[in-house]
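Each chain, written out:
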Amino acid sequence: MPSLRDFARGQLARTAQQSLTRTVRETERLGRTRVRRGGQDYVSFSCNDYLGLTHHPEVIAAARAALERYGTGAAASRLVTGSHPLYAELERLLAELKGTEAARVFGSGYLANLGVIPALVGKNDLVLADRLCHACMYDGARLSGATLLRFAHNDLEHCRELLEEHRARFERCLILTETVFSMDGDRGPVEDLMGPARAWDAWLMTDDAHGLGTCPAIAADVQMGTLSKAVGSYGGYVCGSSELIAWLDNRARSLLFATGLPPASVAAATAALRIIRADPELRQKPLEHARRFTTALGRPPAASPIVPVIVGEAERALAASAMLERHGLLVVAIRPPSVPPGTARLRFTFSALHEPEPIERAAALLKEQGYA
Ligand SMILES: Cc1ncc(COP(=O)(O)O)c(C=O)c1O
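Residues numbered from 1 in each chain as written. Predicted model: local features only at pLDDT ≥ 70, side-chain atom pairs only at ≥ 80, totals over all residues. Heavy atoms only, no water.

Caption draft 1: Broad picture of the overall build of the protein chain. Secondary structure summary: the protein chain contains 14 helices and 14 strands in total. For 372 residues, the compact-globule formula gives about 21 Å, and the C-alpha radius of gyration of the protein chain, at 21 Å, lands near that figure. Projected onto its principal axes, the C-alpha positions of the protein chain cover 55 × 55 × 50 Å. For the protein chain, the proportion of its 372 residues judged to be buried stands at 52%. When contacts within the protein chain are restricted to residue pairs at least 6 apart in sequence, those whose partners lie at least 24 apart make up 68%. Computing the positive centroid from 43 side-chain charges and the negative centroid from 41, the protein chain places the two 5 Å apart. (Helix = DSSP H or I, 4+ residues; strand = E, 2+ residues; numbered from the N terminus. Rg over C-alpha atoms; globule rule 2.2 N^0.38 Å. Buried < 20%, exposed > 50% of the residue type's maximum accessible area, 1.4 Å probe, protein only. Contact = heavy atoms within 4.5 Å. Lys, Arg positive; Asp, Glu negative; His and termini not counted. Charge placed at Lys NZ, Arg CZ, Asp CG, Glu CD.)

Caption draft 2: Spotlight on the pattern of salt bridges. In this structure the tally under the stated criterion is 21 salt bridges. Here R198 ties to D221 by a salt bridge, and the two come within 2.6 Å at their closest N and O atoms. Residue R198 is located in helix 8 (residues 190-199), and its partner D221 is located in the loop between strand 8 (203-207) and strand 9 (222-226); the two are separated by 23 residues in the primary sequence. Judged by relative accessible area, R198 falls into the partly exposed class, the value being 47%. (Salt bridge = Lys/Arg side-chain N within 4 Å of Asp/Glu carboxyl O.)

Caption draft 3: Representation of the site of the ligand. In the region of the ligand, 14 residues are neighbours, and G109, D207, H210, T226 and K229 sit closest. Take Y110: an N or O atom from its main chain is 2.9 Å from an oxygen atom of the ligand. Side-chain polar atom of D207 to a nitrogen atom of the ligand: 2.6 Å apart, as the coordinates give it. When isolated, the ligand has an accessible area of 390 Å², and the protein chains bury 87% of it. Partitioning the shell around the ligand into residue classes produces three nonpolar, eight polar and three charged. (Near = heavy atom within 4 Å. Polar contact = N/O pair within 3.5 Å; in protein donor to acceptor, adjacent residues only side chain to side chain. Areas by Shrake-Rupley, 256 points an atom, 1.4 Å probe, with all protein chains shown as cover. Nonpolar A, V, L, I, M, F, W, Y, C, P; charged D, E, K, R; others polar.)

Caption draft 4: Highlighting the pairing of strand 7 (residues 173-178). Across the six residues of strand 7, six count as buried, placing the element largely inside the fold. Because side chains alternate across strand 7, one face comprises the buried residues C173, I175 and T177, and the other comprises L174, L176 and E178, equally buried. Across four bridges, strand 5 (residues 126-130) lies against strand 7 in parallel orientation. Along strand 7, the bridge assignment pairs A129 with L176. Judged from the five bridges that link them, strand 7 and strand 8 form a sheet pairing that is parallel. By the bridge assignment for strand 8, T177 is matched with T206. (Pairing = 2+ DSSP bridges.)

Caption draft 5: Spatial organisation of unusual backbone geometry. P336 connects to P337 through a cis peptide bond whose omega is 5 degrees. Structurally, P337 is set in the loop between strand 13 (333-334) and strand 14 (344-349). Positive phi is not limited to glycine here, since A75 has a value of about 80 degrees. Its location among the elements puts A75 in the loop between helix 2 (57-70) and helix 3 (78-81). Under the relative-accessibility criterion, A75 is labelled exposed at 75%. In the Ramachandran plot, N154 falls in the positive-phi region, its phi being about 55 degrees despite a non-glycine side chain.

Caption draft 6: Looking closely at the sheet that holds strand 4 (residues 102-106). If you trace the seven strands from one edge of the open sheet to the other, you get 4-10-9-8-7-5-6, paired in mixed fashion. Each edge of the sheet is formed by a strand with only one pairing partner; in this case those strands are strand 4 and strand 6 (147-151). Taken over all neighbouring pairs, the strand axes of this sheet differ in orientation by 20 degrees on average, direction set aside. As paired elements, strand 9 and strand 10 (residues 236-240) share four bridges and run antiparallel to each other. Bridged to Q223 within strand 10 is C239. Relative to strand 9, helix 5 (residues 109-120) is tilted by about 160 degrees, and along the sheet it contacts strand 4, strand 7, strand 8, strand 9 and strand 10. Each of strand 5, strand 6 and strand 7 touches helix 7 (residues 156-166); the most contacted strand, strand 6, lies at about 150 degrees to it. (Axes fitted to C-alpha atoms, helices over the stretch in contact; angles between N-to-C directions.)

Caption draft 7: Focus on the domain arrangement of the protein chain. One can read the domain layout of the protein chain as domain 1 (24-50 + 305-368) and domain 2 (58-278). For domain 1 and domain 2, the distance between their C-alpha centroids amounts to 27 Å. The partner domain 2 presents 13 residues to the 12 residues of domain 1 that form the contact. Approximately 980 Å² of surface area, both sides summed, lies buried where domain 1 meets domain 2, with 62% of it carried by carbon and sulfur atoms. Linking R345 and D184 is a salt bridge whose minimum nitrogen-to-oxygen distance equals 3.1 Å. Our enumeration of links across domain 1 and domain 2 arrives at four residue pairs in polar contact (both at pLDDT 80 or more). Of all elements in the fold, only strand 11 (306-312) and strand 14 reach the threshold of two or more residues within the side of domain 1 that touches domain 2. Partitioning the side of domain 1 that touches domain 2 into residue classes produces seven nonpolar, two polar and three charged. (Domains from an automatic or database assignment. Buried area = accessible area lost by both parts, 1.4 Å probe.)

Here you go:
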């Protein structure tokens, strides 16, 4: 066996050969859409703060008040130390926004998927997942021990075929999709999947991480999401029936065995959700900005605040990202395994706070340089 250092060196060399090295780069958010990296200022298109709420004065004030009053940390799992009173209002607002009976907040969206899926299905069960579902939905499905089959992206027919061929061999069945796909920005056919789900006696679970606050909520048996994107805080959530939530309290290991959120994060998320609820104009802006970009590129209108510019190989995505960086625009290159091989891309995310000029400049540069 090599030393651990040699092992890591060998793995890194292989990753570098494929232009797939990832590095954590220090980047300071300056507020609105500006960031500072390596002494240079940029406009960032790689941030999921869709509504600019991370820096909203009311959100900051709520977090500050909770911090002063309740301290920095939760100190234990909500089931061990007791649930902080601040959660009640947050969960009430989440359930209201989603039109469900109840909601439960987890430590993060990732933890929610890791906890919920294994609480619903196990080794005698079937999970059918859209091929492009987020890594944490797949990780939750794998952890559950259920048989996991993937259907082609947004392909209802393929989902139906898999149900027809396999459903009868299993006890329970869970279908997984996203409301807004994180790397492609298209919407999942949630309403249409309800039909096959009911016809084949399956439950439908959606990941709304990129939908909450920017796209209308669509009903499903289980709706999970995150508080770290449009909500501008941290944490994950699950919305559904009160029985579902009570069952998760008993069985979702990532809820039972992980410390609760810092009170300031809970308070910030609550303040942000109130703003989201009260301001439909704000909720529409990220999509408007995404559409300004797709129009400038001569493409069909964006379906969400996420717009991919697919360029093919990883090296080409890195070159496109470097080109924009030289012009003061920060857009991360997304490469395999985050996306399928041959579909490396620049992933643009649009915020309510973006100005028109850098949006149009980015589109013009991509066209000029032959990337779009
Ligand atoms: C679709 C999707 N689901 C879940 C998550 C995980 O959420 P969190 O960051 O709160 O762990 C993310 C990204 O972070 C995501 O893009």
